[in-house]
Amino acid sequence: MQWWRESVVYQIYPKSFQDTNSDGIGDILGIITRLDYLEKLGVEAIWLSPVYQSPNFDNGYDISDYESINPEFGSMEDIELLIDEAKKRDIRILMDLVLNHTRDKHKWFLEAKKGKDNPYRDYYIWRDPINGEEPNDLRAGFGGSAWEHDKKSNQYYFHLFSKQQPDLNWENPQLRQEIWQMMRFWLDKGVAGFRLDVIDLIGKVPNEKITVNGPKLHEYLQEMNQEVLAGRDTLTVGEAWSASPEIAQLYGDPSRNELSMIFSFEHMVLDEQPGKSKWDLKLFTLLELKHAIAKWQVALDGKIWNSLFWNNHDLPRIVSRWGNEKEYRVESAKMFAITLHLLKGTPYIYQGEELGMTNFPISDMSEVNDIETHHMYVERIKKGYSKKDIFHSINAKGRDNARTPMQWSGSKNSGFTDGKPWLHINPNYSDINVEAVLADPNSIFYTYQQLIKLRKENPVIIWGEFKLLLEAHKQIFAYERSYKGETWIVVANMSEIHVTLNLDDRQGEKPVVIGNYPKKTYQLNKLDLGPYETFVVKDNFL
Ligand code: GLC
Ligand code: CA
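Notes on the structure in this doc start here. (Residues numbered from 1 in each chain as written. Chains lettered and ligands numbered in written order. Predicted model: local features only at pLDDT ≥ 70, side-chain atom pairs only at ≥ 80, totals over all residues. Heavy atoms only, no water.)

## Here we look at the site of ligand 1
Of all residues adjacent to ligand 1, which total 13 residues, the nearest are D58, D197, H313, D314 and R399. Within the side chain of H101, a nitrogen or oxygen atom sits 2.9 Å from an oxygen atom of ligand 1. Between ligand 1 and the protein, one listed contact pairs an oxygen atom with a side-chain N or O atom of D197 at 2.9 Å. Starting from 310 Å² of accessible surface for ligand 1 in isolation, the protein chains cover 97%. Assessed atom by atom at 2 Å from the grid points, ligand 1 resides in the largest pocket. In the shell around ligand 1, the residues fall into four nonpolar, two polar and seven charged. (Near = heavy atom within 4 Å. Polar contact = N/O pair within 3.5 Å; in protein donor to acceptor, adjacent residues only side chain to side chain. Areas by Shrake-Rupley, 256 points an atom, 1.4 Å probe, with all protein chains shown as cover. 1 Å grid on protein atoms, 1.4 Å probe; cavity = no way out; pocket = protein on both sides within 12 Å on 5 of 7 lines; lining within 4 Å. Sits in = over half its atoms within 2 Å of the grid points. Nonpolar A, V, L, I, M, F, W, Y, C, P; charged D, E, K, R; others polar.)

This is the structure we're talking about:
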């Protein structure tokens, strides 16, 4: 049980992973052709971003049928084959479930729209106008009001994302039953769990303007657990932008029977002005970054399981974001890999991270696919923002940065497709690609492979207690992990500045367990670290 504490999960964004029928869109058969690659990397689970029937307006996060597959991605047989083929390689499949909203083309919504007495009406959230206007001033994540007027009934429906993504009404017990049944449908097919999209929103109370962490959120998750998950060995990870370590306990305390873990984002929003949007950037220090990480490590230690990630399909590539994608691309990518995988929790790798894939620079809106970015652009142009500012934000934070197709080789279209790719391929694919990293024993790929292997062989990585070292150091992120008398020390120069320091008075050379510079040993009392230099040693003095 609880294999997920010991495993590393790999996120696949199917649209950009591997195309097999030359339509320029990745597909499920494409994933199957790459399972050997994932097995070589060593991952034991795949989080598959949504492949359900969907108009793909928000790339699958707008589901119109939870129990069928988008023909662009393949068929139900294809997904069953994927589950089987993955299993042969000891890889489990996690489905991505969007339960906060459906697409407006979902049959429930099509029915609900028919009128106030339709049996599906109450599956969604409808309110009468107030003084002829929206019931209140709640805003949608993708811009504009959260309320959309329905002419036919003269009511408004509620949507926290685009108006094509109406929010489900979780208060309705029948709706919940349909959801439980659908989840069982997937588990019965052999999937090993779910990533639960924006799960912190399902308990919303629009009348009181409560969107996140609503009063019934945890009641619903406990019901989900009883009805669907109990007795099954699943991994469930909830996306919870609003979570604090205290809230994480509500989701993840094993005695409460809710989820295995959540994704928390405190370390991912440090570059945002508090209270504003993700596009409003601010400078932050490495000190803040390591303190945000350490805070979660310490608060959850021994009680609640953590998830660990730098990247996903909504975030820019970490190596471009907070590393150096130019002269220290390899060093900084490995630094991020090592510092993350040695923390306590389940690490997630987002496709291409293991190659050190970088952001794609955007200079014109015609290059943008992401609906969030399009909405923001229109809104900000109206408000009078300069194009320069807008593009600065897009290049820093836009979601297309990480959604460009996987770079498999240096040949045409990076080996992703024979057709025209749905989104531009980063021109650096001739240098940065799977073929190249596999051929180079010092590549980022082998650092990831080694990290995954170390995890399998060393319980200290999974279970060890975490302790932050050099708390106030402005460049160095250093910590210890200890378990059953064994201590590992992780030291990372997260900056480009040369750093010399004495970490420990005891003398002697310590052999490197894993690192990103060619050195074989380190002397902790005489450290001299170059840009992004990172290493792990065992404290064998004890
Ligand atoms: C989540 C998904 C994101 C999607 C949104 C709405 O944040 O990760 O891609 O657009 O929810 O479903
Ligand atoms: Ca295809």
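## Observations concerning empty space enclosed by the protein
The tally for this structure, following the rule as stated, stands at three cavities of 30 Å³ or more. The space that makes up the largest cavity amounts to roughly 140 Å³. Lining of the largest cavity is provided by 13 residues; of these, H267, I293, W296, S307 and L308 occupy positions nearest its centre. Put simply, the parts of the chain that give the lining of the largest cavity at least two residues each are helix 8 (286-300) and strand 12 (307-308). Sort the elements by how many residues they give to the lining of the largest cavity and helix 8 lands first, with four residues. Its residues assigned to classes, the lining of the largest cavity comprises seven nonpolar, five polar and one charged. Within this model, the second largest cavity holds a volume of roughly 60 Å³. Taken together, N311, R317, I318, V319, A333, G352, E353, G356, M357 and Y448 form the lining of the second largest cavity. Taken together, the residues of the lining of the second largest cavity sort by class into five nonpolar, three polar and two charged. (Points joined across faces, edges and corners; volume = space filled by probe spheres on them. Helix = DSSP H or I, 4+ residues; strand = E, 2+ residues; numbered from the N terminus.)

## Focus on the nonpolar core
In terms of nonpolar packing, the biggest core is built from 143 residues, with I79 and M183 touching the most fellow members. Summarising the domain contributions, this core has at least three residues from each of domain 1 (107-158) and domain 3 (463-538). Those residues in contact with M183, other than ones at most four positions away along the chain, are L97, L99, F194, L196, M224 and V228. Grouped together as the second largest cluster of nonpolar side chains are 14 residues, L469, I476, L501 and L524 included. (Core = buried A, V, L, I, M, F, W, Y, C linked by side-chain atoms within 4.5 Å. Buried < 20%, exposed > 50% of the residue type's maximum accessible area, 1.4 Å probe, protein only. Domains from an automatic or database assignment. Contact = heavy atoms within 4.5 Å.)

## A word on the environment of E288
Here E288 is to be found in helix 8. In sequence terms E288 and E435 are 147 residues apart; their C-alpha atoms lie 37 Å from each other. Those residues in contact with E288, other than ones at most four positions away along the chain, are L270 and K282.

## What to know about the pairing of strand 7 (residues 147-150)
Note: strand 7 against strand 8 (residues 155-158), four bridges, orientation antiparallel. Along strand 8, the bridge assignment pairs H149 with Y156. (Pairing = 2+ DSSP bridges.)

## Quick notes on the coordination of the calcium ion (ligand 2)
Donor atoms from the polypeptide that coordinate the calcium ion (ligand 2) comprise D19 (OD), N21 (OD1), D23 (OD), I25 (O) and D27 (OD), at 2.2 to 2.3 Å from the metal. Mapping the donors of the calcium ion (ligand 2) onto the primary sequence gives the spacing D-x1-N-x1-D-x1-I-x1-D. (Donors = N, O, S within 2.8 Å, 3.2 Å for Na, K, Ca; no water.)

## Quick word on the layout of surface pockets
Rolled over the atoms, a probe sized like a water molecule indicates the empty space that remains. The computed volume of the largest pocket comes to approximately 1,400 Å³. What lines the largest pocket is a set of 47 residues, and nearest its centre among them are G141, F161, S277, K278 and E372. Residues that form the lining of the largest pocket fall into these classes: 17 nonpolar, 12 polar and 18 charged. Summarising the domain contributions, the lining of the largest pocket has at least three residues from each of domain 1 (107-158) and domain 2 (363-401). In this structure, the second largest pocket encloses a volume near 560 Å³. As for the second largest pocket, its lining consists of 23 residues, of which S320, R321, W322, N359 and A396 are closest to the centre.

## Regarding the pattern of salt bridges
Tallying each qualifying case throughout the model produces 39 salt bridges. A salt bridge links R89 to E85; the nearest nitrogen and oxygen atoms lie 3.1 Å apart. Several salt bridges share partner residues, and in doing so they unite D58, K278, D314, D370, E372, R399 and R403 into one network. (Salt bridge = Lys/Arg side-chain N within 4 Å of Asp/Glu carboxyl O.)

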